[in-house]
Amino acid sequence: MAATVNDTDGARAGYGSLLRTRGALSFLLPGFLARQPFAMLTIGILLLVNDTTGSYGTAGTVSATAGVAMALFAPLSGKLADRFGQAAVLIPGVVVHAATISLLTALALSHAPLWALLAAAVPAGASTPQIGPMVRARWAAKLDGSPLMPTAAAFESVTDEFTFVIGPVLATALCTGVHPAAGLIAEAALTLIGGLVFASQRRTQPVPAGRTAADGGAESVSALSVPGVRVLAITMLGIGTVFGGMQVSMTAFTKELGEPGLNGLMYGTFAAGNMIAGIVCGAVAWKSSAQRRLLTAYPLLVLATTPLWAAHALPLLGAAGLLVGLCIAPSLITGYTLVEKLVPASARTEAFTWLTGAVGLGQAAGATVGGRLIDAHGASTGFLVPLGGTALALVVLLGLRKALTPKGESVVAARGVGHREPVSVD
C-alpha cells in the first residue's frame, strides 16, 4: 500500500525534502530509466525508415502514426493502471512493446511496404508505457494534501524536459554512429528492463481502484468526467503545438539560413528555458492558488510566442526560444498540480495520461501544420503554429476557468485570498 502525506509531515518543503520522501528513490531511479524510450521512439522510427526507404515523407508518416497511437491509447493505459494497478498493466505492456518494436525494425530492414510499416507502428506506439504519469500518480498518492506536491510537479516537469533532450540525442547518436536500427533496439531494451524494474516497486504504487471498491470504498470514476480535466487537456494540447511547431520550424529555419548544424543548439536553448523555469517554480513559496497561477501563466505563454515569426536571425530566434521555454514550465507544472486537487485518487493516473496524451497530440498537430505552412510560405510561418495553438487554448481556458475550482473550495479561495501553498526554497 502506498504511503501517504505522513511520510513528509514536519519536513520543510523543497527539493531536498522531496527526494528524502520515504520510498521515493525506489521508483524515481527506475522510472527515469524507463521513461527515456518515450522520447526515443518517434525519432528512432524516423531515422530507421528514412534510411531504408530514402523518403522523409514515408518516415514521417510512420513516425507520426506511432506518435498518434501513443497519445490516443495513453488514457486507456492510465485507466487500467488505476483500476488494476500499475504493475498489472506495465508487465504485459513492456513485453508487447518490445515485441512490436522488434517487428517494426525487422519490417523496415526488409524493405516492407508502407502499409506493413503502418500496421506495426500502431501497436508499437499504443503499447508505449506511460511511466511519467505513473510516477506522478505515485507522488500524488504519497503527498496527498502536502505542500510538497507542487515541488513534485516541478521536479517531474524538469525530468520530462531532460528526457526530451537526452532521449532524441541518444537515439540519433546510435542510429548515425552504430546502425540505423540501433536507436529502436536500445528503445525496446530500455523499455523492457526499466519497465520491469519500475513495475517491481509495488510498495509505492497507488492502491488500485478495483481493490478499494472491493473493500467498500468509492467506485472508480473516469478522469475525463471531471470538467477540469477536459479544460486542462485542451490547455496541454495548446502547449503541445508549441513543442511540435518549434521543432519543425527551428529545423527549417536553421536549414534555410545554411546552418543546419545549429538546430540542436537552438532547440537546446528553448529546452533549457523550460528546465530553468521548472526548477524555479518548484522552489518558490506560492501565495496564490494553482488556478490563479495557471490563468496568469498561460496568457504570458501566448505573449511569448508572438515574436517568434518575426525573428530573422539566429541570435534573435535563440532569445525568443529561451523566453518561450521560460513561459512553458509554469503552465505545465500548474496544470499537473491541479490534477491532484480536481481528480479522485482512483483516477489520477488516467488524468495524468490524458494531459500527457494531449501534449503528444498537440505536438503531432503542430509539427504537421507547421510543416505544411513552411512548405508553402517559408520557415518563419511555421512559428505561427505555437501562437495560434496557445491562443485558441487560452480562449477555452478563460471561458471555462470555473471548472478548475475544486469542489468545496470557494471562488474567493480559488482567487488566492486567504489561500497559501507554502513551498519554500530548500
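For the structure given in this document, a descriptive report is provided here. (Residues numbered from 1 in each chain as written. Predicted model: local features only at pLDDT ≥ 70, side-chain atom pairs only at ≥ 80, totals over all residues. Heavy atoms only, no water.)

The subject of this paragraph is the packing of helix H2 (residues 24-53) against helix H8 (residues 182-199). Relative to each other, H2 and H8 sit at 155°, their axes nearing to 8 Å. In terms of orientation, H2 and H8 fall into the roughly antiparallel class. Seen from above, H2 lies across H8 with left-handed handedness. Contact with H2, carried on its side by Phe27, Pro30, Gly31, Leu33, Ala34, Gln36, Pro37, Met40, Leu41, Gly44, Ile45 and Leu48, involves Gly183, Leu184, Ala186, Glu187, Leu190, Thr191, Gly194, Gly195, Val197 and Phe198 of H8 and no other residues of that element. Tallied by class, residues from the contact of H2 with H8 come to 14 nonpolar, 7 polar and 1 charged. (Axes fitted to C-alpha atoms, helices over the stretch in contact; angles between N-to-C directions. Helix = DSSP H or I, 4+ residues; strand = E, 2+ residues; numbered from the N terminus. Parallel < 35°, antiparallel > 145°, perpendicular 65-115°, else oblique. Left-handed = near helix turned anticlockwise from the far one by under 90°. Contact = heavy atoms within 4.5 Å. Nonpolar A, V, L, I, M, F, W, Y, C, P; charged D, E, K, R; others polar.)

With that out of the way, let us pick up the pattern of salt bridges. Scanning the model with the defined rule gives 2 salt bridges in all. We note a salt bridge from Glu156 to Arg35, for which the minimum N-O separation is 2.9 Å. In this pair, Glu156 sits in helix H7 (residues 149-177) while Arg35 sits in helix H2, placing the two residues 121 residues apart along the sequence. There is no split in this pair, since Glu156 and Arg35 are both buried. With a shortest N-O distance of 3.9 Å, Lys79 and Glu350 are connected by a salt bridge. Of this pair, Lys79 sits in helix H3 (residues 56-84) while Glu350 sits in helix H14 (residues 348-377), placing them 271 residues apart in sequence. (Salt bridge = Lys/Arg side-chain N within 4 Å of Asp/Glu carboxyl O. Buried < 20%, exposed > 50% of the residue type's maximum accessible area, 1.4 Å probe, protein only.)

Ranked by size, the top nonpolar core spans 51 residues in total, and within it Phe270, Tyr298 and Ile328 carry the most contacts. The set of elements that each furnish at least two residues to this core consists of helix H10 (227-256), helix H11 (263-283), helix H12 (290-305), helix H13 (314-342), H14 and helix H15 (384-399). Looking at this core, the element that brings in the most residues is H10, giving 12 residues. Among residues more than four places away in sequence, those in contact with Tyr298 are Thr235, Gly238, Ile239, Ser331, Thr390, Ala393, Leu394 and Leu397. (Core = buried A, V, L, I, M, F, W, Y, C linked by side-chain atoms within 4.5 Å.)

Another point: the environment of Ile185. Note that Ile185 resides in helix H8. Judged by its relative accessible area of 53%, Ile185 falls in the exposed class. Sequence-wise, Ile185 and Thr105 are 80 residues apart; in three dimensions their C-alpha atoms are separated by 8.0 Å.

For the rest of this paragraph, the subject is the packing of aromatic side chains. Taken as a whole and judged by the stated rule, the model has 4 aromatic pairs. Relative to Phe270, the ring of Phe243 has its centre 5.9 Å away and its plane inclined at 65°; by these criteria the two rings are edge-to-face. Pair noted here: Phe243 is in helix H10 and Phe270 is in helix H11, with a separation of 27 residues, a long-range link. In terms of burial, Phe243 and Phe270 fall into one category: buried. Note on Phe253 and Phe383: the rings are 6.2 Å apart at their centroids and 70° apart in plane angle, and the pair reads as edge-to-face. You can see Phe253 sitting in helix H10 and its partner Phe383 sitting in the loop between H14 and H15, a full 130 residues away along the chain. Here Phe383 falls in the buried class, since its relative accessible area comes to 0%. One Lys or Arg, Arg136, reaches over the ring of Tyr336 and ends 3.7 Å from the middle of that ring. We note Arg138 situated over the ring of Phe198; from NZ or CZ to the ring centre the distance is 4.2 Å. (Phe/Tyr/Trp six-rings, centres within 6.5 Å; stacked < 30°, edge-to-face > 60°. Lys NZ or Arg CZ within 6 Å of the ring centre and 35° of its normal.)

A few words on the packing of H10 against H14. Following both chains from N to C, one finds H10 and H14 inclined at 35°, their axes separated by 6 Å at the closest point. Between H10 and H14 lies a crossing of right-handed hand. Looking at the contact of H10 with H14 residue by residue, the classes come out as 16 nonpolar, 11 polar and no charged.

So, about empty space enclosed by the protein. Take a probe with the size of a water molecule and roll it over the atoms, and the empty space left behind shows itself. In total, this model carries 2 cavities of 30 Å³ or more according to the counting rule given. Size it by volume and the largest cavity reaches roughly 60 Å³. Forming the boundary of the largest cavity are Ala81, Asp82, Gly85, Gln86, Pro206, Val207, Pro208, Ala345, Ser346 and Thr349. Looking at the lining of the largest cavity residue by residue, the class counts come to 5 nonpolar, 4 polar and 1 charged. In this model, the second largest cavity occupies a volume close to 30 Å³. Taken together, Arg136, Trp139, Met149, Ala152, Ala153, Glu156, Tyr336 and Phe352 form the lining of the second largest cavity. For the lining of the second largest cavity, the elements supplying multiple residues, two or more each, are helix H6 (131-142) and H7. For the lining of the second largest cavity, the element with the most residues is H7, which contributes 4 residues. (1 Å grid on protein atoms, 1.4 Å probe; cavity = no way out; pocket = protein on both sides within 12 Å on 5 of 7 lines; lining within 4 Å. Points joined across faces, edges and corners; volume = space filled by probe spheres on them.)

It is worth spelling out unusual backbone geometry at this point. The phi angle at His111 is positive, at roughly 60°, despite the residue not being glycine. By the secondary structure assignment, His111 is in the loop between helix H4 (86-109) and helix H5 (114-126). Residue His111 is classed as exposed on the basis of its relative accessible area of 57%.

Before going further, it helps to examine H13. With 29 residues, H13 ought to run about 42 Å at 1.5 Å a step, and its terminal C-alpha atoms sit 42 Å apart, in line with that. With 22 of 29 residues buried, H13 is to be regarded as a mostly interior element. (Expected span 1.5 Å × (residues − 1).)

For H8, which comprises 18 residues, the first-to-last C-alpha distance of 25 Å matches the rise-based estimate of 26 Å (1.5 Å per residue) to within 8%. By the burial criterion, the buried members of H8 are Ala182, Gly183, Leu184, Ala186, Glu187, Ala188, Thr191, Gly194, Gly195, Phe198 and Ala199.

Quick look at the side chain of Glu187 now. Along the chain, Glu187 falls in helix H8. Although Glu187 is buried, it makes no salt bridge; Arg35 carries the closest opposite charge, 13 Å away. Discounting chain neighbours no more than four positions away, the residues touching Glu187 are Pro37, Met40, Leu41, His97 and Ile101. (Lys, Arg positive; Asp, Glu negative; His and termini not counted.)

Read these as layout, nothing more, since geometry by itself doesn't imply function.
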